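# Examination of the molecular architecture
For reference, the chains in residue letters:
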Amino acid sequence: MSELVHPVLRQSRRAEMRGLHERIPFLSLLWKDVASARPAWLPIGLVLAAIAGVAYADHRVVSLSLVYLYTLPLTVGAIFLRKEISYGLIVACILFHYVFHYFDSPRQIHLRLRIFHDVSALLCLTFVVYVIQRYIERQEALVKTIERQRDSLLKDVELAAEVQRLFLPPGKPAIGGLELAGMMLAAHGVGGDYYDYIPIDAHTTQIVIADVAGKGVSAALLMSATAAAMRLEANHDRNMLQQVNRLNSEIGALSDPEKYVTLLVGEIDTTKRILRYVNCGHNPALWLRARTGTLTRLDSSCLPIGLAPEEICEVTSEDLAAGDVLVFYTDGVTEAQNRHGEEFGMGRLSETVRSGSSLSAENLMTNIYNTAADFCGDEFNDDVTILVVKCNFDRSSTPTS
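On a predicted model such as this, the values are computed, not experimentally measured, just so you know.

## Observations regarding the pattern of salt bridges
- Summed over all chains, the structure comprises two salt bridges.
- We note a salt bridge from Arg134 to Glu137, for which the minimum N-O separation is 3.5 Å. A residue pair is termed a helical-turn pair when its members lie 3 or 4 positions apart in one helix, as Arg134 and Glu137 do in helix H6 (residues 111–166) at three residues.
- The class for Arg134 is partly exposed, based on a relative accessible area of 34%.
- The partner of Glu267 in a salt bridge is Arg276, and the shortest N-O contact between them spans 3.5 Å.
- Of the residues examined, Glu267 reaches a relative accessible area of 12% and is grouped as buried.
- Relative accessible area serves as the criterion here: at 31%, Arg276 is assigned to the partly exposed category.

## Let's talk about the pairing of strand S3 (residues 204–212)
- Where burial is concerned, most of S3 is hidden: nine out of the nine residues are buried.
- Of the two faces of S3, the one holding Thr204, Gln206, Val208, Ala210 and Val212 and the one holding Thr205, Ile207, Ile209 and Asp211 are both buried throughout.
- Bridge count for strand S2 (residues 193–201) against S3 is eight bridges, and the pairing is antiparallel. Paired with Asp201 across the two strands is Thr204, which belongs to S3.
- The hairpin turn running from S2 into S3, its antiparallel successor, is two residues long.
- The pairing of S3 with strand S4 (residues 261–269) spans nine bridges and is classified as antiparallel.

## So, the packing of aromatic side chains
- If you walk through the whole model with that rule in mind, you get three aromatic pairs.
- Ring geometry for Phe344 versus Phe375: centroids 5.6 Å apart, planes at 65°, classification edge-to-face. One end of the pair, Phe344, is in the loop between helix H9 (331–334) and helix H10 (345–355); the other, Phe375, is in helix H11 (residues 361–376), and 31 residues separate them in sequence. Comparing Phe344 with Phe375 shows no difference in burial state: the two are buried.
- Directly above the aromatic system of Trp287 lies the positively charged group of Arg289, at a separation of 3.7 Å from the ring centroid.

## Here we look at the environment of Val384
- As for its placement among the helices and strands, Val384 is situated in strand S10 (residues 384–391).
- The class for Val384 is buried, based on a relative accessible area of 1%.
- For the pair Val384 and Asp211, spaced 173 residues apart in sequence, the C-alpha separation works out to 9.6 Å.
- For Val384, the residues in contact, after removing those within four places along its chain, are Met183, Met184, Leu185, Asp193, Thr330, Gly332, Val333 and Tyr369.

## Side note on the packing of H10 against H11
- At a minimum axis separation of 10 Å, H10 and H11 run at an interaxial angle of 145°. Crossing of H10 over H11 shows right-handed handedness. Note on element contacts: H11 touches H10 through Leu364, Asn367, Ile368, Thr371 and Phe375, opposite Arg348, Leu349, Thr352 and Val353.
- Here the contact of H10 with H11 is composed, by residue class, of five nonpolar, three polar and one charged.

What counts and what doesn't
Residues numbered from 1 in each chain as written. Predicted model: local features only at pLDDT ≥ 70, side-chain atom pairs only at ≥ 80, totals over all residues. Heavy atoms only, no water. Salt bridge = Lys/Arg side-chain N within 4 Å of Asp/Glu carboxyl O. Helix = DSSP H or I, 4+ residues; strand = E, 2+ residues; numbered from the N terminus. Buried < 20%, exposed > 50% of the residue type's maximum accessible area, 1.4 Å probe, protein only. Pairing = 2+ DSSP bridges. Phe/Tyr/Trp six-rings, centres within 6.5 Å; stacked < 30°, edge-to-face > 60°. Lys NZ or Arg CZ within 6 Å of the ring centre and 35° of its normal. Contact = heavy atoms within 4.5 Å. Axes fitted to C-alpha atoms, helices over the stretch in contact; angles between N-to-C directions. Left-handed = near helix turned anticlockwise from the far one by under 90°. Nonpolar A, V, L, I, M, F, W, Y, C, P; charged D, E, K, R; others polar.

Structure follows, in structure tokens:
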């Protein structure tokens, strides 16, 4: 995809070019697109040098007229120079031809023939320059149309990104016993990743992370539908398995087989210190146990949402302890590639989680992102979403059964 320039940046460039035109007068001789290139003096120098070369040859060769050789420098000039300058050069070339070819030529040419010859050359050169100038004008009009369409597209993408951000948590939730931090970075303005914290009751919260197959606007639309459906299902007081099964049916009815959603939904009960989760084809979350230091993967138990609407998923339960760390992420993290084509991978992610387990949830999330960004040179090919949960349970209290 070609580089998109923000309108504000383009306006600043235009202001810069106006300043250059004031400081460097010869820039006003060029088309706008040519004047913005470097070095701007080169087209003018080439045209003038070519005209001088033809004039010299026309002066030296007295046996025949070389006036039509001016077509070459005038053609080049019509491409680079403004319309008024190009037509002015035609008159200058005819004058050069008259002075250098006829003035001191030993041949005697009839005045009528000379006038006919010069007028026909003038018409021919004018026609060539006119055709090229019309082409250049059409090209400039096309460029302006494309710029307007690009600006409109940018505004639409920015608006879509703003709407998409409305589905993300506005801030960190205040949940006793848990420390949460999340981020989502779209690779192309809008993306197909989604995460959320949904409170269920005073001591239970739901953690959601999802990744829509594909990129761009189509993935963002399906992501928005997924986010709205998750919120709606959570408000209907259904258990987590019912939520996933209904979402599976709804997304399956809305999208084609090539569009699906990987989803990981978890519920953390801070009183019972239990994690219940359903992983529908999503990247396995990482669970670092504080007591043993072991790192466990929360693997998937069913297909992604939308692929098999009738499939029944399973709920897995795990006992949590104070100090445990849960890291949810999308494949934009593990599949980030460096310049050698190597992926960041689960190994590097696991090591980053281990080494940063003592950090706060916010700092660990930032550390994971920075490590992956350094690895791939800040060039992520996919949306990046990271969600970190630290279990800061009260060690003096005992979990209830």
